[in-house]
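The residues making up each chain are set out below.
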Amino acid sequence: MAERFDTLAADIRVCRVCQPHLAHPCRPVLQGSSAARIRIIGQAPGTRVQASGRPFTDPSGDRLRDWMGVSEAEFYDPHLFAITPMGFCFPGLDAKGGDLPPRRECAPLWQDRLTQSLESVELTLLVGAHAQRHYLDLDRRETLTATVLRWRDFLPGFVALPHPSWRNTAWLRRNPRFEKEVLPFLRSRIREILTSAL
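Just so it is clear, the structure is predicted and the values come from calculations on it, not from any experiment. (Residues numbered from 1 in each chain as written. Predicted model: local features only at pLDDT ≥ 70, side-chain atom pairs only at ≥ 80, totals over all residues. Heavy atoms only, no water.)

**Observations concerning the packing of helix H3 (residues 59-68) against helix H9 (residues 176-197)**
Any two packed helices are characterised by how steeply their axes cross, that is the angle between the axes, and by the distance between the axes.
Here's step 1: The N-to-C vectors of H3 and H9 enclose an angle of 75 degrees; their axes lie 7 Å apart at closest approach. If you check the angle between H3 and H9, you find them roughly perpendicular. Residues Asp66, Trp67 and Met68 of H3 form the contact with H9, whose own contacting residues are Phe178, Leu183, Leu186, Arg187 and Ile190.
Here's step 2: Of the residues in the contact of H3 with H9, the class split is 6 nonpolar, no polar and 2 charged. (Axes fitted to C-alpha atoms, helices over the stretch in contact; angles between N-to-C directions. Helix = DSSP H or I, 4+ residues; strand = E, 2+ residues; numbered from the N terminus. Parallel < 35°, antiparallel > 145°, perpendicular 65-115°, else oblique. Contact = heavy atoms within 4.5 Å. Nonpolar A, V, L, I, M, F, W, Y, C, P; charged D, E, K, R; others polar.)

See below:
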């Protein structure tokens, strides 16, 4: 029998497994409910999310909401959207000031259990290569670009997206098919799901 999402989320919020490896306090961040219809699986919280305790409270979140065609109120409604990143705590910064990848301890502990607890989810957005490698049957050599541009192969359950970081603006320019093909479908499908949820 699947665990209840609210019980599982409470356990995740008090998890401290990664604390010995972090220079800052663990602050697991997630959102959702058992009624959520759309799931977003990103990488891990950044510095702003570490400070706010709320997912995607940064320019990446603004861009992601624009891609999805949803309002901030819709996005932060846990009965509509579950946000369950591959790593729930901010992993720290690398030498160049970029975010480190999600801690490896997190996904094996929580991802499968979350999937089972989110029984109402109709669509899962895999934001970035970490989520795509975990959830899709990919050759490890396959690039994020190849995965995103094969987006139809993963329907109806998944849509693969690049990370909405402003660092990926050049990627968006090089890959206009994403905005021409993927985003119109994504917005239409999300609106269809949200309308049926009301």
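On we go from here.
**Quick look at empty space enclosed by the protein**
Here's step 1: This model, assessed by the stated rule, comprises 2 cavities of 30 Å³ or more.
Here's step 2: In terms of lining, the largest cavity is formed by 13 residues, of which the most central are Cys15, Cys18, Phe88, Cys89 and Cys106.
Here's step 3: Of the residues contributing to the lining of the largest cavity, the split by class is 10 nonpolar, 1 polar and 2 charged.
Here's step 4: There is about 30 Å³ of room inside the second largest cavity. (1 Å grid on protein atoms, 1.4 Å probe; cavity = no way out; pocket = protein on both sides within 12 Å on 5 of 7 lines; lining within 4 Å. Points joined across faces, edges and corners; volume = space filled by probe spheres on them.)

**Some points on the nonpolar core**
Here's step 1: Ranked by internal contacts, the top residues of the largest apolar core, which has 29 residues, are Ile40, Met68, Leu125 and Ile190.
Here's step 2: Elements with a contribution of two residues or more to this core: strand E1 (38-41), H3, strand E2 (81-83), strand E3 (123-127), strand E4 (158-161), helix H8 (169-174) and H9.
Here's step 3: Considering every element that reaches this core, the biggest residue donor is H9, with 7 residues.
Here's step 4: Phe5, Ala9, Ile12 and Cys106 belong to the second-largest nonpolar core, a separate cluster that totals 13 residues. (Core = buried A, V, L, I, M, F, W, Y, C linked by side-chain atoms within 4.5 Å. Buried < 20%, exposed > 50% of the residue type's maximum accessible area, 1.4 Å probe, protein only.)

**Digging into the pattern of salt bridges**
Working definition: two side chains of opposite charge can pair if their charged atoms are close together.
Here's step 1: For the coordinates displayed, the defined rule picks out 13 salt bridges.
Here's step 2: Two residues, Arg187 and Asp66, come together in a salt bridge whose shortest N-O distance is 3.8 Å. Remark: Asp66 occurs in helix H3 and Arg187 occurs in helix H9; sequence separation between them is 121 residues.
Here's step 3: Residue Asp66 is classed as partly exposed on the basis of its relative accessible area, which comes to 49%.
Here's step 4: Between Glu105 and Arg103 there is a salt bridge, with its nearest N and O atoms 2.9 Å apart.
Here's step 5: What makes Arg103 partly exposed here is its relative accessible area of 28%.
Here's step 6: Linked by salt bridges that have partners in common, Arg37, Glu122, Arg189 and Glu192 make up one network. (Salt bridge = Lys/Arg side-chain N within 4 Å of Asp/Glu carboxyl O.)

**Some points on the packing of aromatic side chains**
Here's step 1: Counted under the stated rule, the structure contains 7 aromatic pairs.
Here's step 2: Measuring from centroid to centroid gives 5.9 Å for Phe75 and Phe81, while their planes differ by 35 degrees, and the two rings are tilted. By the burial criterion, Phe75 is buried, and Phe81 matches it.
Here's step 3: Ring-pair connections join several aromatic residues into one group, and the members of that group are Phe56, Phe75, Tyr76 and Phe81.
Here's step 4: Directly above the ring of Trp166 sits Arg63, whose terminal nitrogen or CZ lies 3.8 Å from the centroid.
Here's step 5: We note Arg65 situated over the ring of Phe75; from NZ or CZ to the ring centre the distance is 4.9 Å. (Phe/Tyr/Trp six-rings, centres within 6.5 Å; stacked < 30°, edge-to-face > 60°. Lys NZ or Arg CZ within 6 Å of the ring centre and 35° of its normal.)

**Observations regarding the sheet that holds E2**
Strand pairing in a sheet takes place through backbone hydrogen bonds and is either antiparallel or parallel in direction.
Here's step 1: Pairing is parallel in the open sheet, where 4 strands are placed in the order E2-E1-E3-E4. Both outer strands of the open sheet, E2 and E4, are each paired with one neighbouring strand and no more. Neighbour to neighbour, the strand axes of the sheet diverge by 20 degrees on average, direction disregarded.
Here's step 2: Sheet topology note: the E1/E2 ladder contains 3 bridges and is parallel. For Ile38, the partnering residue across the bridge sits in E2 and is Phe81.
Here's step 3: Across the sheet, H9 touches E1, E2, E3 and E4, and the angle it forms with E4 is around 140 degrees. (Pairing = 2+ DSSP bridges.)

**Looking at the layout of surface pockets**
Here's step 1: If you add up the space inside the largest pocket, you get close to 830 Å³.
Here's step 2: Lining the largest pocket we find 32 residues, and of these Gln43, Ser60, Asp99, His163 and Ser165 sit closest to its centre.
Here's step 3: Contributions of two or more residues to the lining of the largest pocket are made by helix H2 (47-52), H3 and helix H6 (129-135).
Here's step 4: Of the residues belonging to the lining of the largest pocket, the class tally is 15 nonpolar, 12 polar and 5 charged.
Here's step 5: Roughly 320 Å³ of internal volume is contained in the second largest pocket.
Here's step 6: Lining of the second largest pocket is provided by Met86, Pro101, Pro102, Arg103, Arg104, Ala107, Pro108, His130, Arg133, His134 and Arg140.
Here's step 7: Secondary-structure elements contributing two or more residues to the lining of the second largest pocket are helix H5 (106-117) and H6.
Here's step 8: Per-element tally for the lining of the second largest pocket: the top contributor is H6, with 3 residues.

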